[in-house]
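# Fold and contact review
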Amino acid sequence: NIGGTKAVQLKGYTDSSITSDQAFTFPDTGGELATVPAGGQVVGYQQGVWIPAINQGSVDFNGPIWSRVGNMVTIESRLKNFTQTSGTKSIEVSNFPYQFDFTTAAGGTAGSVMSSNTEKICQCSYMNGVGDLNFYVAGLNAVWSSLRFQDVAVSTEIVFQITYRTDDTTWTPQNGATLS
């Protein structure tokens, strides 16, 4: 009940630390973050559309959406209609709604990926230590390699989702990302 009051009953709750009515504020806009758990404020939530970029050629990004809960950001999109289909450069996606927190991730963070019409089958999406998103394939002897432009065709489609940690405290999306 945004902006109003509604009673909530916790079924099966036996902790005696709640001794009287307590109010929790559910903000009607994102960006309000609980700094003190006892403050009665819920962790902030936002969602919207982002404008991804690719490092070479062009590609259609279908359905690029994002959401943020606390300091965790989830992005997803589908890539298709690649104009660059040759060369050994790794495919990199960038321009995220919030910066990647390099200090808490041990080198990067992995997410899911699905692909079709590629020379090599992608096993994961991976946000690396500089904040670019790559797609990785497993090779022989447990060697990982990134998907390169020579591995895709115009008809290739890649769908990905990844959740990463941000250290942003402004709650203002960047790189043209919007709230919805």
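The notes below deal with the structure included here. (Residues numbered from 1 in each chain as written. Predicted model: local features only at pLDDT ≥ 70, side-chain atom pairs only at ≥ 80, totals over all residues. Heavy atoms only, no water.)

Along the protein chain, the regular secondary structure elements total zero helices and eleven strands. For the protein chain, the N- to C-terminal ordering of α and β elements is β-β-β-β-β-β-β-β-β-β-β. Counting only residues that meet the buried cut, the protein chain has 34% of its 180 residues in that class. Taking all contacts inside the protein chain whose residues are at least 6 apart in sequence as the whole, residues at least 24 apart take part in 63%. Of the roughly 10500 Å² of accessible surface on the protein chain, a fraction of 52% belongs to carbon and sulfur atoms. (Helix = DSSP H or I, 4+ residues; strand = E, 2+ residues; numbered from the N terminus. Buried < 20%, exposed > 50% of the residue type's maximum accessible area, 1.4 Å probe, protein only. Contact = heavy atoms within 4.5 Å. Areas by Shrake-Rupley, 256 points an atom, 1.4 Å probe, with all protein chains shown as cover.)

Okay, the side chain of Asn128 next. Mapping Asn128 onto the fold places it in the loop between β7 (124–127) and β8 (133–138). We classify Asn128 as buried; its relative accessible area is 14%. A distance of 2.9 Å separates a polar atom in the side chain of Asn128 from a polar atom in the side chain of Asn134. (Polar contact = N/O pair within 3.5 Å; in protein donor to acceptor, adjacent residues only side chain to side chain.)

What follows is about the nonpolar core. Membership of the largest hydrophobic core comes to 29 residues, with the highest contact counts inside it found for Ile75, Leu79 and Phe135. Of all elements in the fold, only β3 (60–69), β4 (72–80), β8 and β10 (152–165) reach the threshold of two or more residues within this core. By residue number, the principal contributor to this core is β10, which donates five residues. (Core = buried A, V, L, I, M, F, W, Y, C linked by side-chain atoms within 4.5 Å.)

Before going further, it helps to spend a moment on the pattern of salt bridges. Summed over all chains, the structure comprises three salt bridges. Taking the shortest distance from any N to any O, the salt bridge between Arg78 and Glu157 comes out at 2.6 Å. Note that Arg78 is positioned in strand β4 and Glu157 in strand β10, a separation of 79 residues in sequence. On the basis of relative accessibility, which here comes to 24%, the residue Glu157 falls in the partly exposed class. For Asp151, the salt bridge goes to Arg148, with nearest N and O atoms at 3.8 Å. A relative accessible area of 4% means that Asp151 is categorised as buried. What makes Arg148 partly exposed here is its relative accessible area of 24%. (Salt bridge = Lys/Arg side-chain N within 4 Å of Asp/Glu carboxyl O.)

A few words on the packing of aromatic side chains. Remark: the centre distance and the inter-plane angle together describe each pair of aromatic rings, the angle taken between the planes. Scanning the entire structure with this criterion turns up six aromatic pairs. Ring centres 6.0 Å apart and planes at 65 degrees place the aromatic pair Phe100 and Tyr164 in the edge-to-face group. On the criterion of sequence distance, the pair formed by Phe100 in the loop between β5 (92–94) and β6 (109–118) and Tyr164 in strand β10 is long-range, its members being 64 residues apart. Of the two residues examined, Phe100 and Tyr164, each falls in the buried class. An aromatic cluster of at least three residues, connected via ring pairs, comprises Trp50, Phe96, Phe100 and Tyr164. (Phe/Tyr/Trp six-rings, centres within 6.5 Å; stacked < 30°, edge-to-face > 60°.)

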